[in-house]
Amino acid sequence: MERVIGVIGGSGVYQIDGLEGAEWVTVDTPFGAPSDAVLTGTLDGVRMAFLPRHGRGHVHTPTTVPYRANIAAMKQLGVTDLVAVSAVGSLKEAYAPGDFLIVDQYIDRTFAREKTFFGPGLVGHVSVAHPVCSRLSAACTQAARGTGVTVHEGGTYVAMEGPQFSTKAESELYRHWGADVIGMTGMPEAKLAREAELCYACVAMITDYDCWHPEHDAVDVAQVVAVAQKNASKARDLVTALPALLKGEAEACASGCTHALDSAIMTAPDGRDAQMKEKLKTIAGRVLDL
Ligand SMILES: CSC[C@H]1O[C@H](OP(=O)(O)O)[C@H](O)[C@@H]1O
Ligand SMILES: Nc1ncnc2[nH]cnc12
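The shown structure was predicted, so the numbers you read here are calculated from the model rather than taken from an experiment.

## Here's the deal with the site of ligand 2
Item 1. Lining the immediate environment of ligand 2, one finds 13 residues, of which Ala 87, Gly 89, Thr 207, Asp 208 and Asp 210 sit closest.
Item 2. Mapped by element, the contributors of at least two residues to the shell around ligand 2 are β5 (81-90), β10 (181-183) and β11 (199-208).
Item 3. It is β5 that contributes the most residues to the shell around ligand 2, three residues altogether.
Item 4. Looking at the shell around ligand 2 residue by residue, the class counts come to eight nonpolar, three polar and two charged.

## Description of the packing of aromatic side chains
Item 1. Applying the stated criterion across every chain yields a total of four aromatic pairs.
Item 2. Here the aromatic rings of Phe 31 and Phe 117 are separated by 4.9 Å at their centres, their planes lie at 70 degrees, and the arrangement is edge-to-face. With Phe 31 in the loop between β2 (20-25) and β3 (38-43) and Phe 117 in the loop between β7 (105-108) and α2 (134-146), the pair connects residues that are 86 residues apart, well separated along the chain.
Item 3. Ring geometry for Tyr 106 versus Tyr 157: centroids 5.4 Å apart, planes at 50 degrees, classification tilted. With Tyr 106 in strand β7 and Tyr 157 in strand β9 (residues 156-159), this residue pair connects regions lying 51 residues apart in the sequence.
Item 4. The ring of Trp 24 carries the charged tip of Arg 56 above its face, separated from the ring centre by 3.7 Å.

## Things to note about the UniProt feature "site: Important for substrate specificity" (unreviewed entry) in the chain
Item 1. Per the UniProt record, "site: Important for substrate specificity" (unreviewed entry) is annotated on Ser 166 and Val 221. What stands out for the annotated residues spanning 56 residues is how close their C-alpha atoms remain, the widest pair being 12.9 Å apart.
Item 2. By the secondary structure assignment, Ser 166 is in the loop between β9 and α3 (168-176).
Item 3. The class for Ser 166 is buried, based on a relative accessible area of 10%.
Item 4. Each residue touching Ser 166, except ones within four places of it in the same chain, is listed here: Met 160, Ser 171, Tyr 174, Ile 182, Asp 210 and Cys 211.
Item 5. Here Val 221 is to be found in helix α5 (residues 221-246).

## Here we look at helix α4 (residues 186-195)
Item 1. Burial analysis of α4 places nine of its 10 residues in the buried class, which makes it a mostly covered element.
Item 2. Where α4 is concerned, the buried positions are Gly 186, Met 187, Pro 188, Glu 189, Ala 190, Leu 192, Ala 193, Arg 194 and Glu 195.
Item 3. Positive backbone phi, at 60 degrees, marks Glu 197, one or two positions downstream of α4.

## Some remarks on the pattern of salt bridges
Item 1. The final tally for this structure, using the stated rule, is 15 salt bridges.
Item 2. Across the pair Arg 47 and Glu 2 runs a salt bridge whose closest N-O atoms are separated by 3.2 Å. Within this pair, whereas Arg 47 is found in strand β4 (residues 46-52), its partner Glu 2 is found in the segment before β1 (4-9), the two being separated by 45 residues in sequence.
Item 3. A relative accessible area of 35% means that Arg 47 is categorised as partly exposed.
Item 4. On the basis of relative accessibility, which here comes to 40%, the residue Glu 2 falls in the partly exposed class.
Item 5. Lys 168 is the partner of Glu 172 in a salt bridge, and the nearest nitrogen-oxygen pair spans 3.9 Å. Of this pair, Glu 172 and Lys 168 are both found in helix α3, four residues apart, which corresponds to roughly one turn of the helix.
Item 6. By relative accessible area, which is 31% here, Glu 172 ends up partly exposed.
Item 7. A cluster of three or more residues bridged by salt bridges with shared partners is formed by Arg 3, Asp 81 and Arg 135.

Definitions and cut-offs
Residues numbered from 1 in each chain as written. Chains lettered and ligands numbered in written order. Predicted model: local features only at pLDDT ≥ 70, side-chain atom pairs only at ≥ 80, totals over all residues. Heavy atoms only, no water. Near = heavy atom within 4 Å. Helix = DSSP H or I, 4+ residues; strand = E, 2+ residues; numbered from the N terminus. Nonpolar A, V, L, I, M, F, W, Y, C, P; charged D, E, K, R; others polar. Phe/Tyr/Trp six-rings, centres within 6.5 Å; stacked < 30°, edge-to-face > 60°. Lys NZ or Arg CZ within 6 Å of the ring centre and 35° of its normal. UniProt positions renumbered as here; feature names shortened; annotations may be inferred. Buried < 20%, exposed > 50% of the residue type's maximum accessible area, 1.4 Å probe, protein only. Contact = heavy atoms within 4.5 Å. Salt bridge = Lys/Arg side-chain N within 4 Å of Asp/Glu carboxyl O.

Printed below as a string of structure tokens:
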């Protein structure tokens, strides 16, 4: 299968540079329109697809980002490897603003979002015990190190609903839980990527110390934007380095990402809703009796 690298850019990362044959394409999905058109092209001979999570001009709130449509659009474009870039607050002294952290676990505290492609008439349950692809995460670590930023390999991302930042008590609670960074968009994006059998990794760009740090002011947007803009070029350099690291055909993922649906569908074949099956054709067609 041809490898196609998808990138979802977060706050401060609304485009990538250097794509050959760059073109913004409009994609429609059975789950609605994605956040924006998708920038497609090739880099080092590898097809790329870039989507700004909040749309150009930052128009979607963390709650209204069309997560399902975004993942479905990537799947429809043939993406095999999906890298998410996200601005996050740090919950630990050692993780400083300006550093990058490659996420390997999540705590999902979001509550006002569509979190699954499945539904009545077609019920499915995937495992997210290991929510990211270890191979793609390792490539992101290597690419990030090449940009000269300080990179932390592995860490737990708390996904909060937002859009307000945390209270100090919440921030302390998450620290007590042992979480490393906090953001508003990591979930359900990672869960949906797993349902879509995409290899997924998350590059968290640390922009602030949230509000727990006694020697730093509580986070505000100006601070996030200033650090995110400073780091955006590093994030773009990281993305540019990925094709060389991932070159070659996409194979069955050793972490199991590409087979997440093997035993996930609960609804008996004769009980499956025809419309739901049609709707899920791109996401789950591999395991549906279509
Ligand atoms: C601009 S501050 C809060 C905002 O930034 C992060 O977005 P993203 O993950 O898309 O980089 C955070 O999750 C909030 O949505
Ligand atoms: N402190 C913080 N909390 C939630 N989302 C963020 N995005 C960037 N910094 C954040």
